[in-house]
Amino acid sequence: MVVEVTREALEAMRRAARLAHPHEACGILLGPASRVTTLCEATNVHPSPQTHFEIDPQALIDAHRQARDGGPAVLGYFHSHPSGPAEPSATDVEMAAGDGSIWAICAGESDASDIRFFRSGKGGFTRLSMDLIDG
Ligand SMILES: [Zn+2]
């Protein structure tokens, strides 16, 4: 399966990961259908932000409310692994709802160049290939 991601959204994820380092950055992926066009950056409210993330619940509520009011759909979630690979961790697997949402995970100490996408399904995470698009 393929997820389309705009350059702008991808750059926003890299920037967020770099700025949050050594904490995990997090955010909400927005866009129409399976096309990630926007990263909505959110505060990581987890008490151990170096190794965990929890998206500010108010940001999630706002994103869902805006989607209901005709805004872009909530496609999934972004977070970074400041010192781990761009793969779902054991904690991520535990936390994932298996609801079909898209998870973007960004790894990297400094350049934050490695971003991978996964779908959270009933049987766990499935890697998605990414199509970089303009717009
Ligand atoms: Zn993680």
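Here, every reference points to the structure presented above.
As the structure is a prediction and not an experimental result, all values here were calculated from the model. (Residues numbered from 1 in each chain as written. Predicted model: local features only at pLDDT ≥ 70, side-chain atom pairs only at ≥ 80, totals over all residues. Heavy atoms only, no water.)

1. Regarding the pairing of strand β6 (residues 102-107)
Argument step 1. Most of β6 is tucked away, with 6 of its 6 residues classed as buried.
Argument step 2. Burial along β6 is two-sided: the residues I102, A104 and C106 and W103, I105 and A107 are all buried.
Argument step 3. Bridge count for strand β5 (residues 73-81) against β6 is 6 bridges, and the pairing is parallel. When the sheet's bridge partners are listed, S80 is paired in β6 with C106. (Buried < 20%, exposed > 50% of the residue type's maximum accessible area, 1.4 Å probe, protein only. Helix = DSSP H or I, 4+ residues; strand = E, 2+ residues; numbered from the N terminus. Pairing = 2+ DSSP bridges.)

2. Details of the nonpolar core
Argument step 1. The biggest cluster of nonpolar side chains holds 20 residues, and the ones touching the most others in it are V5, M13, L29, V36, F78 and F117.
Argument step 2. For this core, the leading source of residues is helix α1 (residues 7-20), giving 6 residues.
Argument step 3. Within the second largest apolar cluster, 10 residues are counted, among which are I28, I55, Y77 and W103. (Core = buried A, V, L, I, M, F, W, Y, C linked by side-chain atoms within 4.5 Å.)

3. Observations concerning the sheet that holds strand β4 (residues 38-42)
Argument step 1. Taken in spatial order, the 8 strands make up an open sheet running β3-β1-β8-β7-β6-β5-β2-β4, and their pairing is mixed. Across the chains shown, the open sheet's two edge strands, defined by having one partner strand only, are β3 (35-36) and β4.
Argument step 2. Here α1 sits on the sheet in contact with β1 (2-6), β2 (26-31), β3, β4, β5, β6, β7 (114-121) and β8 (124-133), set at roughly 80° to β1.
Argument step 3. Across the sheet, helix α2 (residues 57-68) lies against β2, β4 and β5, angled at about 150° from β5, the strand it touches most. (Contact = heavy atoms within 4.5 Å. Axes fitted to C-alpha atoms, helices over the stretch in contact; angles between N-to-C directions.)

4. Let's talk about the coordination of the zinc ion
Argument step 1. The protein atoms that coordinate the zinc ion are H79 (NE2), H81 (NE2), D92 (OD) and D92 (OD), at distances of 2.0 to 2.6 Å.
Argument step 2. For the zinc ion, the 4 donor atoms in the first shell make angles of 55 to 155° at the metal, a pattern classed as irregular.
Argument step 3. Each donor residue of the zinc ion belongs to the same chain, and together they define the spacing H-x1-H-x10-D. Note that H81 is positioned in strand β5 and D92 in helix α3 (residues 90-95), a separation of 11 residues in sequence.
Argument step 4. Judged by relative accessible area, which is 7%, H81 ranks as buried. (Donors = N, O, S within 2.8 Å, 3.2 Å for Na, K, Ca; no water. Tetrahedral: all angles 85-135°; square planar, octahedral: opposite > 155°, others 65-115°.)

5. Brief notes about the pattern of salt bridges
Argument step 1. The full count for this structure, using the stated rule, is 6 salt bridges.
Argument step 2. With its nearest N and O atoms 3.0 Å apart, the salt bridge here joins R14 to E11. Here E11 and R14 lie together in helix α1, a separation of 3 residues that amounts to about one turn.
Argument step 3. E11 sits in the partly exposed class, given a relative accessible area of 35%.
Argument step 4. Where D114 meets R116, a salt bridge forms, and the shortest distance between an N and an O atom there is 3.1 Å.
Argument step 5. Through salt bridges with shared partners, one network takes in E87, D114 and R116. (Salt bridge = Lys/Arg side-chain N within 4 Å of Asp/Glu carboxyl O.)

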